[in-house]
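Examining the three-dimensional arrangement
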Amino acid sequence: MATALRNRPEQELGTRYRVRHLLGRGSRATVWRAENEDGEAMALKFLVCGDSLTASNWLWSLRAQRELGHPHVVHIEDFTARTGNIVVAMELADGTLLDCLKQSRAKGGNLLPAARVVEWLKQAADAIDFLNGRKPGRDGRRPAFQHGGVRPSNLLCFGDTVKLADAGPVLPVNMPLKFRHWSGPLDFAAPEVFRGRLSEWTDQYALAVTYCQLRGGRLPFTDTPTTLRRDYVRPEPNLSMVPAEERAIVGRALAVQPWERWPSCCAFMAALSAR
């Protein structure tokens, strides 16, 4: 069994962090609440890496994310490689947008209001466009890579602020289409992913699926395979979970051809705001 699923973090990190309790457990990672040496609350994520190439790609992504300094990208304090894992220390969130959806439905089945979802996703869009190279950061830098894991559970809440977390081991995208390995969730994957490609608009597609889930409580597709299949073709999305006046806007972000989508994620959110 992988170390990340068996050991407590202090067994790996010594006295650098004081572990409080387990926050969550997934198939490839565990997340712990902890305190750093200054007594500040942190989240410690233990990520299982099965091979050296995956570990190297994760380390590249984490190094890039730590250096970005974008207000809507989760701040990474530190990370280190251990046998079979990468341990990441990051700022501790109040929860995720998926948690917000679950809490809203648990209180009476109410769906999240459009204005609130758009306000949240505007912040995510700003971060995604920055990562995709469409917006400069405070230092004038323009990264150019796809996040590869945009979904409600990776959009973290810090009060009213939303930040994007967990950029996967995805390499930079320097051309409109390039062959890349995909390790993100297939429920949010664009059609080009199933053809073994990323595009400059792949993250926008995932943001549109995220909007559908947050607004309507379900995904626009019900037949997504559990493994990456080159023969799978995305059907026409079922957008009945959003109002009729929003369907053309969301449908454009879910276009089969990447270049037919919105020019940026911020443009997509601006169209929803103006509807």
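Here we summarise the structure given alongside this text. Worth saying up front: this structure is predicted, and the values here are computed from it rather than measured.

1. Some thoughts on the environment of alanine 34
Mapped onto the fold, alanine 34 is located in strand β2 (residues 29-35). Excluding residues within four positions of it along the chain, alanine 34 makes contact with Tyr17, Arg18, Val19, Arg20, Glu40, Ala41, Met42 and Leu44.

2. Some thoughts on helix α6 (residues 202-216)
Here α6 spans 22 Å end to end across 15 residues, near enough to the 21 Å set by a 1.5 Å rise per residue. In terms of burial, α6 is largely enclosed, as 15 of its 15 residues are buried. Of the residues trailing α6, glycine 217 is marked for its positive phi of about 75°.

3. Some details on a negative patch on the surface
Together, Glu37, Asp38, Glu40 and Glu77 give the surface a local cluster of negative charge. Following the sequence through the fold, glutamate 40 ends up in the loop between β2 and β3 (41-48). For glutamate 40, a relative accessible area of 43% corresponds to the partly exposed category.

4. Here's the deal with the pairing of strand β5 (residues 85-91)
In terms of residue burial, β5 counts as a mostly covered element, since seven of its seven residues are buried. Pairing between β3 and β5: seven bridges, direction antiparallel. What sits directly across from lysine 45, in β5, is valine 88. Pairing of strand β4 (residues 76-82) with β5 involves six bridges; the strand directions are antiparallel. Each residue of the ladder has a partner; that of alanine 81, found in β5, is isoleucine 86.

5. What to know about the sheet that holds β5
Working definition: the strands of a sheet are paired by backbone hydrogen bonds and lie parallel or antiparallel to each other. Taken together, the five strands give an open sheet; going across it, the order is β1-β2-β3-β5-β4, and neighbouring strands pair in antiparallel fashion. Both outer strands of the open sheet, β1 (18-25) and β4, are each paired with one neighbouring strand and no more. The mean inter-strand angle of the sheet, taken between neighbouring strand axes irrespective of direction, is 20°. Inspection of the sheet shows β2 paired to β3 by seven bridges, in the antiparallel sense. Paired with glutamate 35 across the two strands is alanine 41, which belongs to β3.

6. Focus: helix α3 (residues 97-106)
Along α3, the residues that are buried comprise Leu97, Cys100, Leu101 and Ser104. End-on, the buried residues of α3 take up no more than an arc of 100°, which puts them together on one face. Exposed side of α3, more than 90 degrees from the buried face: Lys102 and Ala106 are the residues found there. On its buried face, α3 is in contact with β6 (95-96), α4 (114-131), β7 (155-158), β8 (161-164) and α6. For α3, the N-terminal cap is threonine 96; the gap from its side-chain oxygen to the backbone nitrogen of leucine 98 is 3.3 Å. Immediately beyond the C-terminal end of α3, within one or two residues, lies glycine 108, with a positive phi of roughly 150°.

7. Some thoughts on the environment of alanine 114
With respect to the helices and strands, alanine 114 occurs in helix α4. For alanine 114, a relative accessible area of 12% puts it in the buried group. For the pair alanine 114 and leucine 214, spaced 100 residues apart in the sequence, the C-alpha separation amounts to 8.9 Å. Beyond its immediate stretch of four places on either side in the chain, alanine 114 contacts Tyr211, Arg215, Glu246 and Arg275.

8. As for the nonpolar core
Ranked by size, the top nonpolar core spans 49 residues in total, and within it Leu97, Leu121, Leu207, Tyr211, Val250, Phe268 and Leu272 carry the most contacts. Taken together, the elements giving at least two residues each to this core come down to α2 (52-68), α3, α4, β7, β8, α6, α7 (244-253) and α8 (265-273). If you tally residues by element for this core, the top one is α4, at eleven residues. In this view, valine 250 contacts Ala208, Tyr211, Cys212, Leu239, Phe268 and Leu272; residues no more than four positions away in its chain are not counted.

Procedures and definitions
- Residues numbered from 1 in each chain as written.
- Predicted model: local features only at pLDDT ≥ 70, side-chain atom pairs only at ≥ 80, totals over all residues.
- Heavy atoms only, no water.
- Helix = DSSP H or I, 4+ residues; strand = E, 2+ residues; numbered from the N terminus.
- Contact = heavy atoms within 4.5 Å.
- Expected span 1.5 Å × (residues − 1).
- Buried < 20%, exposed > 50% of the residue type's maximum accessible area, 1.4 Å probe, protein only.
- Patch = residues over 30% accessible without salt bridge, like charges linked within 9 Å, V, L, I, M, F, W, Y side chains within 5 Å.
- Areas by Shrake-Rupley, 256 points an atom, 1.4 Å probe, with all protein chains shown as cover.
- Salt bridge = Lys/Arg side-chain N within 4 Å of Asp/Glu carboxyl O.
- Lys, Arg positive; Asp, Glu negative; His and termini not counted.
- Charge placed at Lys NZ, Arg CZ, Asp CG, Glu CD.
- Pairing = 2+ DSSP bridges.
- Axes fitted to C-alpha atoms, helices over the stretch in contact; angles between N-to-C directions.
- Arc of directions from axis to C-beta.
- Polar contact = N/O pair within 3.5 Å; in protein donor to acceptor, adjacent residues only side chain to side chain.
- Core = buried A, V, L, I, M, F, W, Y, C linked by side-chain atoms within 4.5 Å.

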